[in-house]
Amino acid sequence: METFHFKKKYGQNFLTDTNLVKKIVDAACIEKNSLVIEVGPGRAILTKQLSKVSGSVLSYEIDLELQQYLKEGLQDYNNVDVIFDDFLKRDIEKDIQKYNKDFIYFVSNVPYYITTPILIKLLDSKIDFTKIVIMVQEEVGERFSAKPGNKSYGSITVLLNYYYHIKREFKVNRKMFTPEPKVDSEIVSLTKRKNRIPLKNKRLFFQLIRDSFQYKRKNIRNNLKQYNLEKIEQVLVRYGFDLTDRSEKLPVEVFIEICNHLD
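Each chain carries its own residue numbering, running from 1 in the direction its sequence is written. Restriction of local features to residues with pLDDT of at least 70 applies here, the model being predicted, together with a cutoff of 80 or more for giving and counting side-chain atom pairs; totals for whole chains, interfaces and linings are based on all residues. For the side-chain quantities, the full set of heavy atoms in the structure was used; hydrogens and water were omitted.

Let's shift gears to the overall build of the protein chain. Check the secondary structure of the protein chain and you find 11 helices and nine strands. It is over C-alpha atoms that the radius of gyration is taken, and the globule rule equals 2.2 Å times the number of residues to the power 0.38. Against the globule reference of 18 Å for 263 residues, the protein chain gives a C-alpha radius of gyration of 20 Å, in line with a compact fold. Expressed along its principal axes, the backbone C-alpha trace of the protein chain runs to roughly 60 × 40 × 30 Å. Classification of the 263 residues of the protein chain by burial places 50% in the buried group. Comment: elements are numbered from the N terminus, with helices defined as DSSP H or I runs of at least four residues and strands as E runs of at least two. Partly exposed residues are those whose accessible area sits between 20% and 50% of the maximum for their type, while under 20% is buried and over 50% is exposed, using a 1.4 Å probe and protein chains only.

Counted as salt bridges are all cases of a side-chain nitrogen of Lys or Arg within 4 Å of a carboxyl oxygen of Asp or Glu. Considering all chains together, one arrives at 13 salt bridges under this definition. The partner of Glu139 in a salt bridge is Arg143, with the nearest N and O atoms 3.9 Å apart. Within this pair, Glu139 and its partner Arg143 are both found in helix H6 (residues 138-144), separated by four residues, close to a single helical turn. Residue Arg143 is classed as partly exposed on the basis of its relative accessible area of 29%.

Running from N to C, helix H7 (residues 155-163) and helix H11 (residues 252-262) cross one another at 85 degrees; their axes reach a closest spacing of 9 Å. Classified by the angle their axes make, H7 and H11 are roughly perpendicular. Between H7 and H11, the residues in contact are Val158, Asn161 and Tyr162 and Val252, Phe255 and Ile256, respectively. Classes in brief: Ala, Val, Leu, Ile, Met, Phe, Trp, Tyr, Cys and Pro nonpolar; Asp, Glu, Lys and Arg charged; the others, Gly included, polar. For the contact of H7 with H11, a count of residues per class yields five nonpolar, one polar and no charged. Between N-to-C directions, angles cover 0 to 180 degrees, with each direction set by a line fitted to C-alpha atoms, over the stretch in contact for helices. In these notes the angle categories are as follows: under 35 degrees is roughly parallel, over 145 is roughly antiparallel, 65 to 115 is roughly perpendicular, and the rest is oblique. Should any heavy atoms of two residues lie within 4.5 Å, those residues are considered in contact.

Counting buried positions along H7 gives eight out of nine residues, so the element sits mostly inside the fold. Within H7 the residues assigned to the buried category are Ile156, Thr157, Val158, Leu159, Leu160, Asn161, Tyr162 and Tyr163. As for H7, its buried residues are in contact with helix H5 (115-124), H6, strand S7 (164-172), strand S9 (185-192), helix H8 (202-212) and H11.

Moving on to the environment of Glu65. With respect to the helices and strands, Glu65 occurs in the loop between strand S3 (56-60) and helix H3 (67-73). Relative accessible area serves as the criterion here: at 54%, Glu65 is assigned to the exposed category. Distance from Glu65 to Val237, taken between C-alpha atoms, is 57 Å for residues 172 residues apart in sequence.

The next subject is the nonpolar core. Side chains that are nonpolar tend, in soluble globular proteins, to be buried together. Here, nonpolar core means buried Ala, Val, Leu, Ile, Met, Phe, Trp, Tyr and Cys residues that are tied together by side-chain atoms lying within 4.5 Å of each other. Among the nonpolar cores identified, the biggest contains 62 residues, and Phe106, Phe205 and Ile232 are the most heavily contacted of them. Here this core takes seven residues from H11, the largest share from any one element. Once residues within four sequence positions are removed from consideration, Phe106 is found in contact with Ile37, Val39, Phe87, Ile118, Leu122, Phe129, Lys131, Ile132, Val133 and Ile134. Membership of the second largest hydrophobic core comes to 23 residues, among which are Ala28, Val36, Val80 and Phe170.

This part takes up helix H2 (residues 45-53). Turning to H2, its buried residues are Leu46, Thr47, Gln49, Leu50 and Ser51. Against the buried residues of H2 lie helix H1 (18-28), strand S2 (34-39), S3, strand S4 (80-83) and strand S5 (103-108).

This brings us to the sheet that holds S9. Criterion used throughout: strands pair if DSSP finds at least two bridges between them. A sheet is described by the order of its strands in space; here seven strands give the open sequence S4-S3-S2-S5-S6-S9-S7, paired in mixed fashion. Each edge of the sheet is formed by a strand with only one pairing partner; in this case those strands are S4 and S7. Shown here is a sheet whose adjacent strand axes are inclined to one another by a mean of 20 degrees, direction ignored. Where S2 and S5 come together, four bridges link them in parallel fashion. Bridge assignment links Leu35 to a residue of S5, and that residue is Ile104. This element, H1, spans S5, strand S6 (131-137), S7 and S9 of the sheet and lies at about 140 degrees to S6.

To continue, consider the packing of aromatic side chains. Working definition: rings of Phe, Tyr and Trp (its six-membered ring) pair if their centres are within 6.5 Å, and the pair is stacked with planes under 30 degrees apart, edge-to-face with planes over 60 apart, and tilted otherwise. With the rule as written, the count across this model stands at seven aromatic pairs. Taking 4.7 Å as the distance between ring centres and 85 degrees as the angle between the ring planes, the aromatic pair formed by Tyr162 and Tyr163 counts as edge-to-face. Since its relative accessible area comes to 10%, Tyr163 is described here as buried. Ring plane angle 40 degrees and centroid distance 5.8 Å describe the contact between Phe213 and Phe255, whose orientation is recorded as tilted. Taken as a pair, Phe213 in the loop between H8 and helix H9 (220-223) and Phe255 in helix H11 lie far apart in primary sequence, 42 residues in all. Note on Phe255: relative accessible area 1%, which makes it buried.

Set out below in structure tokens:
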């Protein structure tokens, strides 16, 4: 691997610290009879540790140059499968059909530039993830866990917090990667919420949230003018808001009620 040519287009930054990898796996609290999905195994340092504590590991690697390396490096790990393809283009529900597991986890050091698309793909799927543990830039971890009124609060905050309890586990120094990235990172865990307020229309909810935050400086009236503003206002007033407020002030439960009221 010393001669491996790292590709900036794939956002490749490989973990080098074994103790850190064990700490990441510990944060996931993986049940034995489980399937773990990973994106971007790289040197497979995390993959190998995941295989020791789970029933099966399914990794996705877009870089075909790693094919031989991973085949050789993982030949003794019988419960690991690697699909060499773009994760964002895969039908992951179809990919996991052959696995008969009680729990499904997502644990990964994903390329930073596709963190949000990956999480949206997970949310958009019908897969019931027990827990997601992911490496992100510190500012992204702040965005995921931001509270209403915070400038970091946005559409991804609302979507994630509807489905999961967010916890910023621990910070990761940039020196624990090769090549060394320009920013420090952190591990964030997302644990499934068991008592969510039911959504009448998941598609509408996703679209409503995207539209609510499409222009950060505009108020709710302007961002959601294509919706029934009268119905939206009825919900807002009950919570002490109005159409002149910005979406970043609204708690998750208000968006849920708006969505259910519109459907």
